[in-house]
Amino acid sequence: MARKTATMDPGPDAPAGAAPGLERLPAGPSLFVGRRAELAALRAAAARPANGRCPVLVLAGRPGSGRTALAARFARTVAADYPDGVLFARLSAPDGGRVPPGRAARLLLEQIDPEAAVPLPGVVEDGRDEPGCVALREALTGLRVLLVLDDVRDAGQVWPLLADEPGCLVLATTAGPLTGIEDIDPVILGGLDRTASGELLADLVGGTRISCDPVGAADLAEACAARPATLRLMAGWLRANPKTAVTDAARELNAVVGEETASGAGAGADAEETSRKGPGGGKAPGQGNGQGNGQGKGTGQGKGTGQGKAQEKGTGAGGGAAKGAFREDREEAATPGGRPPGDPAAWVKPGPAPAEPVPVPDNDPLLGAFTLLYRGLPAAQARMLRTLTLAPAQTADPRTASALVGCPVPDAAATLAALAERELLGEEAPASDGTPRYRVPGRLYPRLVRLREQEDRPAETELARARLLERLVRLTESARALLDPAGCGSSSGSGSGRGLGPGVGPGSESGSGVGAGLGPGAEPLPVALRLRSAAHAREWLLGERELLLGAVADAIGQGDLDGSAGRLVTALLRALPLTGAAAPTDLYRLHELVLTVAERNGRPRRASAALLNLADLQASAGRWEQAAAHYRAALEHARTADDEPLCARALEGAAGCHRALGDAVRAADWYGRALGLRQSLGDHAAEARLLSRVAEAHTAQRRFDEADREYRAALAVLRRLGDERGREAVGAALADLRERADAGW
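Quantities reported herein were computed from a predicted structural model and do not represent experimental measurements.

Caption draft 1: Spatial organisation of the overall build of the chain. A tally of helices and strands in the chain yields 27 helices and 8 strands. Counting all 745 residues of the chain, 52% fall into the buried class. By element, 52% of the accessible surface of the chain is carried by carbon and sulfur atoms, the whole surface being about 31,100 Å².

Here is the structure:
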């Protein structure tokens with residue numbers, strides 16, 4: 001790569017680690033040019049006094065405008081003003097999936113304090129009353145923290161996270177107008193100015209090559225609509241074609257964009273009309289955001305030829321409309337109903353609706369540049385790029401990428417680095433062990449999926465997904481073996497495997513390949529895949545936890561690899577608690593996925609076991625009503641399966657919830673029903689325990705004679721069992737009961 005030009009912004013020179021959390025920010029491009037006006041606008045907005053809550057800055061721009069890179073650059077320049085750290089969360093996946101605010105809040109809570117307890121999800125992961133959002137706002141009280149929220153889809157993802165803490169600052173990036181939140185003045189990104197575009201091309205392609213053809217460089221910048229991502233892709237294409245003139249590059253790009261426009265005009269006319277009109281002839285969801293997507297404010301190019309000119313004009317017009325929309329929505333949202341400015345209800349319109357992702361049109365110069373670059377890729381790189389769309393969160397490292405394409409890890413590492421050098425992959429923060437990680441840009445994801453569906457057979461795609469799951473199973477099991485060498489070969493456990501599909505419960509790894517590299521005589525993992533120590537295993541599990549959970553969710557969501565997904569669930573349920581930092585929320589998500597598989601496959605016994613695990617987690621968190629609902633649902637599934645032990649377990653759990661809620665009558669009833677089942681099963685230890693529970697419920701109702709009778713029955717059972725400690729405890733409870741009764745209590 002050519003030398004860096006003298007006029008290029010070297011970026012903030014704060015030392016790494018100057019503020020906690022800077023390492024969480026996306027690495028971004030190593031070369032950053034222009035955007036001085038936008039950075040100044042962000043600094044000015046951040047300096048304005050807050051009114052009742054943390055101020056919100058919005059950075060809006062079309063896909064490829066460089067909004068994430070600019071947000072990371074701004075965060076690094078102001079990080080010293082926020083000594084309590086920088087938090088980062090993506091609120092959209094590259095595939096357009098919307099991250100609920102409750103899930104985002106839990107990720108942010110873990111960044112604030114990895115050892116703190118994170119609340120379980122609510123019934124719905126949206127809204128200010130969601131437990132995770134409430135906990136985040138409480139945790140931010142008294143802190144000076146910078147929250148960077150990337151790829152926000154709608155205001156409903158942001159406003160539940162806003163704390164009553166003016167010392168914090170929220171920076172949100174979005175592709176479309178983020179309407180609904182009061183008192184925001186978005187900074188809207190257009191293209192780079194002429195000088196910055198030339199600097200970027202000169203540094204990426206070579207100063208001499210660009211300086212010798214300034215007219216061609218200007219034409220290329222205009223053909224790219226001066227958007228950073230498109231310029232970077234074309235720079236990569238020029239590096240791969242060193243004999244091509246810069247002027248010819250602009251001509252090639254305009255030709256490809258023209259081909260895309262012509263090919264999509266006829267075939268897409270009917271589809272466009274259908275998408276524009278809903279089933280009843282109305283406007284489809286997400287329609288009406290406009291083509292501007294918040295464009296126009298900034299330093300975009302003002303003229304162009306051919307497609308570049310048309311594109312830039314559209315950008316400018318859309319920017320003005322978007323800016324007006326922001327202002328109108330802000331005026332409408334301001335203090336509705338005359339509420340005081342500090343009232344959280346005044347910060348946002350009631351019930352902001354989730355927005356659709358902003359697409360990249362087929363005739364966009366960004367996709368034209370991608371097409372040019374993709375056509376020249378070696379077959380192995382093109383296949384890797386397509387297949388990475390199958391990775392969880394479209395993020396991969398050499399370990400997972402090699403599994404997806406079925407190649408050695410060193411080859412995968414070289415291919416990933418080559419794709420990143422061509423600007424086709426984004427570089428993420430490395431893993432804790434220094435392993436590089438890469439991400440498919442969301443702006444390219446839809447086109448890559450289309451190419452994968454056209455060029456790869458469905459059987460190849462399914463095989464790639466299966467290889468990935470099995471690779472993750474083996475890595476997770478190897479981490480467990482390092483963390484618990486004595487217990488890795490045992491099939492007994494804590495019951496965490498209940499509710500899984502066929503052959504995926506505890507001990508099912510025998511013969512399935514899950515334990516490869518663990519037991520005697522088993523084939524070891526390749527050297528490049530091995531985790532070196534228990535500390536390395538713990539760091540890997542915690543660092544890759546979200547991606548591992550995402551891989552399970554993706555597989556179960558598609559429903560064709562339930563066996564492999566179940567093995568990964570089992571491995572995670574066994575390994576995560578060994579890290580000492582397994583959050584109940586992780587276990588809760590896993591058991592929810594188990595429940596999905598069980599209900600989909602019509603397995604009521606496994607569904608009942610999964611519901612019992614979910615109910616236990618809710619009860620441990622003191623959420624008794626939700627736990628009772630899960631226990632009742634588990635009871636219905638257990639009855640369908642005609643499983644009396646599960647029925648008794650669910651009845652006892654529900655009774656405990658009623659007891660905690662102060663409903664002694666219903667507690668006595670449910671304990672009594674559980675007691676009858678345990679007696680019929682001959683489970684005498686459980687019978688003694690339930691007799692005591694029934695006696696306690698009678699005591700709470702001041703039914704002392706009945707309570708006395710149940711305590712004496714429990715003593716008799718314990719005497720037959722020879723349980724002296726149990727007899728002492730029940731005898732003490734009985735003596736206390738009689739003392740209270742004699743005292744007229």
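That was the structure; now back to the text.
Caption draft 2: Region of the structure containing unusual backbone geometry. Phi at A393 takes a positive value of approximately 55°, unusual for a residue other than glycine. For A393, the position within the fold is in the loop between α12 (379-387) and β6 (395-396). Of the residues examined, A393 reaches a relative accessible area of 35% and is grouped as partly exposed.

Caption draft 3: Geometry of the sheet that holds β6. Spatial ordering of the open sheet is given by β6-β8-β7, a layout of 3 strands whose pairing is antiparallel. Looking at strand neighbours, the two that pair on one side only are β6 and β7 (426-428), the edges of this open sheet. Looking at chain direction, β6 and strand β8 (residues 437-439) are connected through 2 bridges and run antiparallel. Within β8, the position partnered with A396 by the bridge is Y438.

Caption draft 4: Quick peek at helix α23 (residues 644-660). Here α23 spans 24 Å end to end across 17 residues, near enough to the 24 Å set by a 1.5 Å rise per residue. For α23, a buried count of 12 out of 17 residues is recorded, marking the element as mostly surrounded by other parts of the structure. Listing the buried residues of α23 in full gives L646, C647, A648, A650, L651, E652, G653, A654, A655, G656, C657 and H658. Where α23 is buried, its residues touch α21 (604-620), α22 (624-641), α24 (664-681) and α25 (684-700).

Caption draft 5: Spatial organisation of the side chain of H630. Looking at the secondary structure, you find H630 in helix α22. For H630, a relative accessible area of 17% corresponds to the buried category. Polar side-chain contacts of H630 include one of 2.9 Å to the backbone oxygen of Q626. Contact partners of H630, with chain neighbours within four places excluded, come to Y588, L611, L614, A615 and Q618.

Caption draft 6: Representation of the packing of α24 against α25. For the pair α24 and α25, the least separation of the axes is 9 Å and the interaxial angle reads 160°. One way to sum up the angle between α24 and α25 is to call them roughly antiparallel. When you trace α24 past α25, the crossing you get is left-handed. In this structure, α24 contributes A664, A667, A668, Y671, G672, A674, L675, R678 and Q679 to the contact, and α25 contributes A686, E687, L690, L691, R693, V694, A697, H698 and A700. Counted by class, the contact of α24 with α25 contains 12 nonpolar, 3 polar and 3 charged residues.

Caption draft 7: Seen up close, helix α13 (residues 398-405). A large share of α13 lies buried, amounting to 8 of its 8 residues. Those residues of α13 that are buried are in contact with α12, β6, α14 (409-421), α16 (458-483) and α17 (534-543). One side-chain oxygen of the residue at the start of α13 lies 3.1 Å from the amide nitrogen of R399, identifying that residue as D397.

Caption draft 8: Local environment of the sheet that holds strand β3 (residues 146-152). Read across the open sheet, the 5 strands follow the order β2-β3-β4-β1-β5; overall the sheet is parallel. Of all strands in the sheet, those bounded by a partner on one side alone are β2 (86-90) and β5 (187-189). Averaged over neighbouring strand pairs, the angle between their axes works out to 15° when direction is ignored. In the sheet, strand β1 (residues 56-61) pairs with strand β4 (residues 169-174) via 5 bridges, with the strands oriented parallel.

Caption draft 9: Examining the environment of Q111 more closely. Examined against the element boundaries, Q111 turns out to sit in helix α3 (residues 101-112). Here Q111 falls in the buried class, since its relative accessible area comes to 19%. Taking C-alpha positions, Q111 is 9.2 Å from R24, a pair spaced 87 residues apart along the chain.

Caption draft 10: Local environment of the nonpolar core. Within the largest apolar cluster, 136 residues are counted, with the highest numbers of intra-cluster contacts made by L220, M234, F370, L385, L388, L424 and L425. Excluding residues that lie within four positions of it along the chain, F370 makes contacts with L233, L385, L424, L444, R447, L448 and L451.

Caption draft 11: Representation of the packing of aromatic side chains within the structure. In total, this model carries 1 aromatic pair according to the counting rule given. Aromatic pair F370 and Y374: ring centres 5.5 Å apart, planes at 35°, arrangement tilted. Here the residue F370 and the residue Y374 both occupy positions in helix α11 (residues 365-375), the gap between them amounting to 4 residues, near one helical turn. Overall, the relative accessible area of 1% leaves F370 in the buried class. The ring of W670 is capped by R673, whose NZ or CZ atom sits 4.5 Å from the centre of that ring.

Caption draft 12: The pairing of β3, seen in detail. Of all 7 residues in β3, 7 are buried; the element is thus mostly enclosed. Bridge analysis of β2 against β3 gives 5 bridges, and the strand direction is parallel. If you follow L87 over to β3, its bridge partner there is L147. In this sheet, β4 lies alongside β3 in parallel orientation, the contact comprising 5 bridges. In the strand pairing of β4, L149 is matched with A172.

Caption draft 13: View of the environment of A609. Mapped onto the secondary structure, A609 falls in helix α21. Since its relative accessible area comes to 5%, A609 is described here as buried. Taking C-alpha positions, A609 is 8.4 Å from A638, a pair spaced 29 residues apart along the chain.

Caption draft 14: View of empty space enclosed by the protein. This structure, assessed with the given rule, holds 6 cavities of 30 Å³ or more. Estimates place the volume of the largest cavity at around 110 Å³. In terms of lining, the largest cavity is formed by 13 residues, of which the most central are D397, T400, L472, E544 and L547. Listed by contribution, the elements that provide at least two residues to the lining of the largest cavity are β6, α13, α16 and α18 (545-558). Taken together, the residues of the lining of the largest cavity break down into 7 nonpolar, 2 polar and 4 charged. In this model, the second largest cavity occupies a volume close to 70 Å³.

Reading guide: rules and limits
- Residues numbered from 1 in each chain as written.
- Predicted model: local features only at pLDDT ≥ 70, side-chain atom pairs only at ≥ 80, totals over all residues.
- Heavy atoms only, no water.
- Helix = DSSP H or I, 4+ residues; strand = E, 2+ residues; numbered from the N terminus.
- Buried < 20%, exposed > 50% of the residue type's maximum accessible area, 1.4 Å probe, protein only.
- Areas by Shrake-Rupley, 256 points an atom, 1.4 Å probe, with all protein chains shown as cover.
- Pairing = 2+ DSSP bridges.
- Expected span 1.5 Å × (residues − 1).
- Contact = heavy atoms within 4.5 Å.
- Polar contact = N/O pair within 3.5 Å; in protein donor to acceptor, adjacent residues only side chain to side chain.
- Axes fitted to C-alpha atoms, helices over the stretch in contact; angles between N-to-C directions.
- Parallel < 35°, antiparallel > 145°, perpendicular 65-115°, else oblique.
- Left-handed = near helix turned anticlockwise from the far one by under 90°.
- Nonpolar A, V, L, I, M, F, W, Y, C, P; charged D, E, K, R; others polar.
- Core = buried A, V, L, I, M, F, W, Y, C linked by side-chain atoms within 4.5 Å.
- Phe/Tyr/Trp six-rings, centres within 6.5 Å; stacked < 30°, edge-to-face > 60°.
- Lys NZ or Arg CZ within 6 Å of the ring centre and 35° of its normal.
- 1 Å grid on protein atoms, 1.4 Å probe; cavity = no way out; pocket = protein on both sides within 12 Å on 5 of 7 lines; lining within 4 Å.
- Points joined across faces, edges and corners; volume = space filled by probe spheres on them.

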